[in-house]
Amino acid sequence: ILIPFLGLVLAFWFYSARENFKPEMLKGKRVIVTGASTGIGEQMAYHLARMGSHILITARTEAKLQKVVERCLELGAASARYVSGTMEDMAFAEHVVKEAETSLGGLDMLILNHVGTSYFGYFNGDVGHVRKLLEINFLSYVAMTTSALPMLKASEGSIVVVSSMAGKVGFPFTVPYSATKFALDGFFSSLRQEFSIQSVNVSITLCILGFIDTESALRAAAEVLLVPPAPREECALEILRAGALRRRELYYRYGSTRLPLLLRDWAAELLDYLVRSRYRLDGLKRN
Ligand code: NDP
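Residues numbered from 1 in each chain as written. Predicted model: local features only at pLDDT ≥ 70, side-chain atom pairs only at ≥ 80, totals over all residues. Heavy atoms only, no water.

*Asks:* Lay out the site of the ligand in plain terms, naming residues and giving numbers.
*Replies:* Every one of the 29 residues lining the ligand counts as a neighbour, but Arg60, Thr61, Tyr177, Thr214 and Ser216 are closest to it. Between the ligand and isoleucine 40, the relevant distance is 2.9 Å, taken from an oxygen atom to a main-chain nitrogen or oxygen of the residue. Between the ligand and methionine 87 there is a distance of 2.9 Å, counted from a nitrogen atom to a backbone nitrogen or oxygen. Here the ligand has 890 Å² of accessible area as a free molecule, and 91% of this is covered by the chains. Counting residues per element, the ones that place at least two in the shell around the ligand are α2 (39-50), β5 (158-164), α6 (175-197) and α7 (215-221). At 3 residues, the largest contribution of residues to the shell around the ligand is made by β5. When the residues that make up the shell around the ligand are grouped by side-chain class, the tally is 12 nonpolar, 15 polar and 2 charged. (Near = heavy atom within 4 Å. Polar contact = N/O pair within 3.5 Å; in protein donor to acceptor, adjacent residues only side chain to side chain. Areas by Shrake-Rupley, 256 points an atom, 1.4 Å probe, with all protein chains shown as cover. Helix = DSSP H or I, 4+ residues; strand = E, 2+ residues; numbered from the N terminus. Nonpolar A, V, L, I, M, F, W, Y, C, P; charged D, E, K, R; others polar.)

Quick look at the structure:
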């Protein structure tokens, strides 16, 4: 009886000792958000603005970025600016970080969130597309992290990497996308280990998201996925919370059980079956 009781007391102590999130934690912080012209990235920019951060956003579409910056200033951002360009180009990825150095004088949080367009359907054998997507969704994340590291070490800052359950478990119909998200887990989980060995005080938060109600995700998967999407505003706030609290990973809308991961390691075929049963195949557009 005593051992389970002590376990419960310890678990309660551990959870109550964990710091709670306060919006002031991000007040005055210098933050880059990539992929912030739409979707979850746009919502993160608005939350950061309400919290009084200095925001630098990026994506390709200048007109949308301009509007997001205007809205951020209305909402109370300490400052807001954008750089437009494509993350297919590693020099551009590095340029965004340089811009933080020149215009903000440093960086506290790097939020890597952008994602290149892919298809939703059976793998079509296009190796060129896989390479391009790896450049946008993975290599540019590596390039930005590398360039930002001196500033993040100086500020003892944070890296937030937006990934997906498709980067932890094999999902059908998103083969190239899943490959890029698995790559992020490998790179950033290994890097976190090295930071720990070298006492580098830069946190890495990997965000494992489920289906979120952004326009692009609804367009791609609403007809096929048999699960309701979660709201992007709440998702964006949970990502910022996890980053500010320097959490190792965030599982958004998977609850505390993280059941898919338990099954992945102990009952992989059952998980594969459950994953497949969440799709309505007649809704799938043929490539
Ligand atoms: P959106 O499609 O809404 O936004 C993607 C962003 O990336 C846009 O700002 C887009 O702007 C930008 N982008 C696209 N291509 C490029 C490029 N070549 N270079 C630079 N920027 C680019 O995505 P979501 O908000 O839905 O997703 C955000 C993150 O959350 C992604 O990492 C995604 O994988 C992850 N996620 C989302 C889920 C969902 O259901 N929504 C589920 C699981 C994970 P522009 O076109 O102007 O360049």
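Back to the text.
*Asks:* Can you break down the packing of helix α4 (residues 90-104) against helix α5 (residues 127-155) residue by residue, with the values?
*Replies:* Where α4 contacts α5, the two axes come as close as 9 Å, and the packing angle between them is 35°. Considering how the two elements wind past one another, α4 and α5 form a crossing that is right-handed. Of α5, the residues touching α4 (which contributes Met90, Ala93, Glu94, Val96, Val97, Ala100 and Glu101) are Glu135, Leu139, Ser140, Ala143, Met144, Ser147, Ala148 and Met151. The residue makeup of the contact of α4 with α5, split by class, is 10 nonpolar, 2 polar and 3 charged. (Axes fitted to C-alpha atoms, helices over the stretch in contact; angles between N-to-C directions. Left-handed = near helix turned anticlockwise from the far one by under 90°. Contact = heavy atoms within 4.5 Å.)

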